[in-house]
Amino acid sequence: MSQNYKELATQGLWSNNPGLVQLLGLCPLLAVTNTVTNALGLGIATLLVLLGSNLVVSAIRNWVPREIRIPIFVLVIASFVTAVQLLMNAFTYELYLALGIFIPLIVTNCAIIGRAEAFASKNPMLPSAFDALMMGLGFAAVLLALGAMRELLGQGTLFDGADALLGPWAQALRVEVLALDHYFLLALLPPGAFIGMGLLIAGKNAIDQRKQRKQQVKTAITRARVTGTIV
Amino acid sequence: MSFRIASSPHQHNQKTTSQLMLWVVIAALPAIAVQSYLFGYGVLVQLLLAIVTAWASEALVLMLRDKTILPRLKDHSALVTAVLLAVSIPAYAPWWLVVIGTAFAIIMVKQLYGGLGFNLFNPAMAAYVLLLIAFPVQMTQWLPPTALQQHALGPLDAVCAVMSQASCQGISLEQLRQGVDGMTMATPLDTARTDLMMGLTLPESYEKPLFQGGVGVGWFWLNLAWLAGGLLLLQQGVIQWRIPVSVLGSLALCSLIAWSVNPDTNFSPLFQLFSGASMLAAFFIATDPVSASTTARGRIYYGVLIGVLVFVIRSFGGYPDAFAFAVLLANMAVPLIDYYTRPRTYGHKAVKGRQ
């Protein structure tokens, strides 16, 4: 069983990452990652919705007729999104304004409905919750990486406006890495998101290929020894 | 006697890539000379920066990709990209502008797609668009032509100005940007557009000192120099006539129609053809052999598309000059154009419905 959980974790965080590999939920991923704060806000919101929807979908999986499962999944997801949206409206109002339409749009995030369909509707509650956690973390990690990259290049800061998400104490989190005279607007605008996303995916593939090459070298050596003894 | 078996085309001009690229640079020389005479020595400083950056970033990426460096640098394609970008940006733009632009052109637009021959987009124009979007202020601060400048800048001043945004005597670029009459200036296209927005008619706008001679001081001569370079390229067989003729022809036709409908608010065909980057783009940029269409008929469609887009963006768009956007948009259409204009294979009948 622990092997299973380990598999789920690597799937969600790396080898089947919703952002980098499945390329799901690109619309919010590209749209709101202009600062780390926005990325973190959306990442947490998506994580919460994913967790809730996977839990509920898994709990009711034996009573849902196959023919109408998609509308039911959407209903479940929509109710969680509404809850998260109201919570953000109440507690992190500035961030709520900054994210705007992209909070309600979580409903249509294919990463979430994809997990409900592919995993939660076929598995018990505990693995489903764990899968949601890992997928959510993987998605949030990509959001954060992209957000950090764009904020750093665009305005030379990190965690600018973090108080909107975490409360007044978080103003201390703001780091000015580079003092830029001019904002590098491209990184903050949508083209920067596409280019940055492309670079992230390329980076992940490069790491995977390097790993694969190392493994191939290793297996090749053992094989040579085996044939040596047999012949 | 043995026969050498080679695939078609069997008849080709005996020029290597590196010779073709060198011809492009040679053909650009007169225009570079005119541009540095008109806009100051800053042009040369930008050129130097761009070339050094282009070579450095090309070598860096080739090293990362485990490729041989020197033979690929010697094909001079990076040089051409650097030259085309350097002449497109304002002469006294800050040094990091051209460095960022050239590095982006070579690393992201050219090498990441697989190097020379594989890039979808024209590297110089993609970099120009990047700079225009990322640094709109710096990219539109053209100094007035030297003839209208209050302070003349020497070669050393040009280096100071590009590096620190002030001449060696400490006259800031803000002051330099003011013309003899104390008015700040932009390019003719920009000025005309602003005047139109302020409710002036074009003939009223042309009264300004910037427009002496109809299309703006200097810009006419600059475009003539690019035209001369382009004709040299045609004569040498480096480029074919189809793209430049169709770009300029469609631009002229569109503007002729608009101008004859209302000459007060539409640029005349002459103004369109001889201001901004018209000649530079038609002969040197749109004809890029990699990112342009490859079939004879396709090149005409490609050129017409660029010409029409330039007219549309210049007339209705938000940016003063349009060639970079038009060329990139047309580059995107190239695979489609090539698909539908495949020439008939020799010995085969024409397919019905498609000539």
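Our subject in this report is the structure included herewith. (Residues numbered from 1 in each chain as written. Chains lettered and ligands numbered in written order. Predicted model: local features only at pLDDT ≥ 70, side-chain atom pairs only at ≥ 80, totals over all residues. Heavy atoms only, no water.)

### As for the overall build of chain B
As a reminder of what qualifies: Put simply, DSSP marks the helices as runs of H or I at least four residues long and the strands as runs of E at least two long, and each gets a number from the N terminus on. Working definition: with a 1.4 Å probe on protein chains only, accessible area under 20% of the residue-type maximum means buried, over 50% means exposed, and in between means partly exposed. Working rule for contacts: check all heavy atoms of both residues, and any pair within 4.5 Å makes them a contact. Calculation of accessible area relied on Shrake-Rupley with a 1.4 Å probe; when residues are assessed, cover is drawn exclusively from the protein chains displayed.
Helices and strands together make up the secondary structure of chain B, namely 17 helices and zero strands. Burial status across chain B gives 51% buried among its 355 residues. Pairs at least 24 residues apart make up 75% of the contacts formed inside chain B by residues separated by at least 6 positions. When the accessible surface of chain B is totalled, it reaches about 16,800 Å², and 67% of it is carbon and sulfur.

### What about the overall build of chain A?
What counts here: None of His or the chain ends enter the tally, which takes Lys and Arg as positive and Asp and Glu as negative. Charge placement uses NZ in Lys and CZ in Arg. For Asp and Glu, CG and CD serve respectively.
A tally of regular secondary structure across chain A gives 10 helices and two strands. Going residue by residue from the N terminus, the α and β elements of chain A occur as α-α-α-α-α-α-α-β-α-β-α-α. For chain A, the spread of C-alpha atoms along the principal axes amounts to about 70 × 55 × 30 Å. Sequence-distant contacts in chain A: of pairs separated by 6 or more residues, those separated by 24 or more amount to 76%. Taken as a whole, chain A presents about 12,400 Å² of accessible surface, with 68% of it coming from carbon and sulfur. Charged side chains of chain A number 16 positive and 11 negative; the gap between the two group centres comes to 19 Å.

### Considerations on the packing of aromatic side chains
The condition is simple: To pair, rings of Phe, Tyr and Trp, with the six-membered ring standing in for Trp, must have centres within 6.5 Å; the planes then decide the type, stacked if under 30 degrees apart, edge-to-face if over 60, and tilted in the middle.
For the coordinates displayed, the defined rule picks out nine aromatic pairs over all chains. Both rings, one in Trp226(B) and one in Phe284(B), keep their centres 4.9 Å apart while their planes meet at 70 degrees; by these two values the pair is edge-to-face. Within this pair, whereas Trp226(B) is found in helix 12 (residues 219–236), its partner Phe284(B) is found in helix 15 (residues 278–285), the two being separated by 58 residues in sequence. Overall, Trp226(B) belongs to the buried group, its relative accessible area being 2%. An aromatic cluster of at least three residues, connected via ring pairs, comprises Phe184(A), Trp96(B) and Phe135(B).

### As for empty space enclosed by the protein
Residues and elements named next belong to chain B. Using the following cut-off: Buried and open spaces are told apart on a 1 Å grid over the protein atoms alone, a cavity being a set of points where a 1.4 Å probe fits but cannot get out and a pocket being an open set with protein on both sides within 12 Å along at least five of seven lines. Residues with an atom within 4 Å of a point are the lining residues. Grid points are joined across faces, edges and corners, and a volume is the space filled by probe spheres set on the points. Side-chain classes follow a simple rule in which Ala, Val, Leu, Ile, Met, Phe, Trp, Tyr, Cys and Pro form the nonpolar group, Asp, Glu, Lys and Arg form the charged group, and the remainder, Gly included, forms the polar group.
A complete count under the given rule lists two cavities of 30 Å³ or more for this structure. For the largest cavity, the calculated volume is near 390 Å³. Residue assignment for the lining of the largest cavity shows that the elements contributing at least two residues are helix 4 (77–88), helix 6 (123–134), helix 10 (188–197), helix 12, helix 15 and helix 17 (323–340). Its residues assigned to classes, the lining of the largest cavity comprises 20 nonpolar, five polar and two charged.

### As for helix 13 (residues 242–261) of chain B
Residues and elements named next belong to chain B. Where we set the bar: Given a helix with a known number of residues, its expected span is that number minus one, times 1.5 Å.
Here helix 13 contains 20 residues, and its C-alpha end-to-end distance of 28 Å stays within 8% of the 28 Å for a straight helix at 1.5 Å per residue. For helix 13, the complete set of buried residues consists of Ile-243, Pro-244, Ser-246, Val-247, Leu-248, Ser-250, Leu-251, Ala-252, Ser-255 and Ala-258. Against the buried residues of helix 13 lie helix 14 (269–273), helix 15, helix 16 (296–316) and helix 17.

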